[in-house]
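Survey of secondary and tertiary structure
Listed below, chain by chain, are the residues.
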Amino acid sequence: MNKEHKFPLNIQLFAEGNIIKEGDMGKAKDIDFVERFSASLVKLTEALGITRPLPMKQGNKIQTYKFVVTPAAGDAAKGIVREGEDIPLTHVKRELDREIEVGFRKYRKAVTMEEVQRIGYDAAVNKSDKQVLGLMQKNVRTDFFDYLATAPTKMKAKGLQAAFGKAWGKLNALFEDYGEFQIVQFINPEDAGEYLGEEAIANGTSVGFGLTLLKDFTGAGIVLINASVPRGKVYATAVDNINLMYIDVNGEARKVFEGKTVVSDELGLIGLVKEANTINATTSSTLFNGVTLFAEITNGVIEVTVEKPVPEPAGE
């Protein structure tokens, strides 16, 4: 045999670069998982006109403000000033209203070895992770709408169209010195469906975090619907009044999981840690985030209660 064709017995076979190895696919799924949370939230902020979520340190407090208007004394408070007299000044001040401390929201679930064997790893672990993700998103939404429900400016209107009109008029009065601004209104999908009657909502677009955008709905501008908004309520504010702040999960708190892999998105909105427990043969997923949506000026939020019109009695 020609010696040129012989190979040494201890030849080293090197794997091709970038080959997919054991563990890569699992980690890729985890990255896709956290990016889904991030993408959904970013999509929502874009729809609301929030250019970028703002990171904050653990323990920092969000400060919200309110307008305090002090009218002039006497008839001047009603704008009544005699001819030739000086017009008294109305004082407007923006003062601190409340402080919101942002903390981590933590979730954990564990799946037994037997359940993984019974229905498969993807169904038992990855799909149940998605259910926890949905709960995380719902809690962020619910907190936001609970916050809007504390709005000091509360009004009533007969019918959804009238509610939109009242909110629009009040907000234009509140923010008239802010130049051009857009109004966003939040309603329950059942109220939207009831208003439309038998007509289907054909132009609804998902904007992330379970919210749906209705374009030009009754001419009210930006209208977002979600079941977390109570039936019969309309919340409205200026788009620029809504902010999103979060604790970066890649900060100091990450050191708690030293030695373990913390999967997070680019912005650090959400963290995911998966760990096998050999003592009880389970695999657990720990998820955490510190996301808060809020309105900076609290009395720049309007809550309108929609009263159903009383039908006129039928004529004899």
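Now for the nonpolar core. Judged by nonpolar contacts, the single largest core of 45 residues is most densely connected at Phe 145, Leu 148, Val 184, Phe 186, Leu 224 and Val 291. Looking at this core, the elements with two or more residues in it are helix 1 (24-48), helix 3 (121-148), strand 6 (183-187), strand 9 (222-225), strand 11 (242-247), strand 13 (270-277) and strand 15 (291-295).

To continue, consider the sheet that holds strand 1 (residues 54-56). In spatial order, the strands read 1-11-15; together these three strands make up an open sheet with mixed pairing. Edge strands, defined here as strands with exactly one partner in the open sheet, are strand 1 and strand 15. When the angles between neighbouring strand axes are averaged without regard to direction, this sheet yields 35 degrees. When strand 1 meets strand 11, the two strands line up parallel, connected through three bridges. Within strand 11, the residue paired with Met 56 across the bridge is Ile 247. Contacts from helix 3 reach strand 11 and strand 15 within the one sheet, and its direction differs from that of strand 15 by about 25 degrees.

Looking now at the pattern of salt bridges. When their charged atoms lie close together, side chains carrying opposite charge are able to pair. Scanning the entire structure with this criterion turns up 12 salt bridges. Note that Lys 274 and Asp 129 form a salt bridge whose closest N and O atoms lie 3.3 Å from each other. Of the two residues, Lys 274 sits in strand 13 while Asp 129 sits in helix 3, which places them 145 residues apart along the sequence. According to the relative accessible area criterion, Lys 274 is partly exposed, its value standing at 23%. Accessibility expressed as a relative area gives 2% for Asp 129, which makes it buried. For the salt bridge of Arg 231 with Glu 194, the shortest nitrogen-to-oxygen distance reads 3.5 Å. Of this pair, Arg 231 sits in the loop between strand 9 and strand 10 (233-238) while Glu 194 sits in helix 5 (residues 189-196), placing them 37 residues apart in sequence. Where salt bridges share partners, they join Glu 190, Asp 191, Glu 194 and Arg 231 into one cluster.

Looking at the element boundaries, Thr 292 is found in strand 15. Judged by its relative accessible area of 18%, Thr 292 is buried. Those residues in contact with Thr 292 that lie beyond four places of it in its chain are Ile 62, Val 102, Asn 243, Leu 244 and Met 245.

Let us now look at the environment of Thr 150. Among the secondary structure elements, Thr 150 is positioned in the loop between helix 3 and strand 5 (153-158). Along the chain, Thr 150 and Val 301 lie 151 residues apart, while their C-alpha atoms are 8.9 Å from each other. At a separation of 2.6 Å, a polar atom in the side chain of Thr 150 contacts the main-chain carbonyl oxygen of Tyr 147.

The rules we used
Along every chain, residues carry numbers that run from 1 in the direction the sequence is written. In keeping with the model being predicted, local features are shown solely for residues with a pLDDT of at least 70 and side-chain atom pairs are shown and tallied solely at 80 or more, while totals for entire chains, interfaces and linings include all residues. Here the side-chain values reflect all heavy atoms present in the structure, with hydrogen atoms and water set aside. What is meant by a nonpolar core is a set of buried Ala, Val, Leu, Ile, Met, Phe, Trp, Tyr and Cys residues, joined one to another through side-chain atoms within 4.5 Å. The cut-offs for exposure are 20% and 50% of the maximum accessible area for each residue type, with area from a 1.4 Å probe on protein chains only; residues under the lower value are buried, those over the upper are exposed, and the others partly exposed. Think of it this way: any DSSP run of H or I at least four residues long counts as a helix, any run of E at least two long counts as a strand, and we number them from the N terminus. Only strands joined by at least two bridges in the DSSP assignment are considered to pair. Note on geometry: axes are C-alpha line fits, over the in-contact stretch for helices, and angles between N-to-C directions span 0 to 180 degrees. Note on contacts: a residue pair qualifies if any of its non-hydrogen atoms lie within 4.5 Å across the two residues. We count a salt bridge whenever a side-chain nitrogen from Lys or Arg sits within 4 Å of a carboxyl oxygen from Asp or Glu. Pairs of N or O atoms are called polar contacts if they sit within 3.5 Å, as long as, within protein, a hydrogen donor faces a hydrogen acceptor (for residues adjacent in sequence, only side-chain-to-side-chain pairs).

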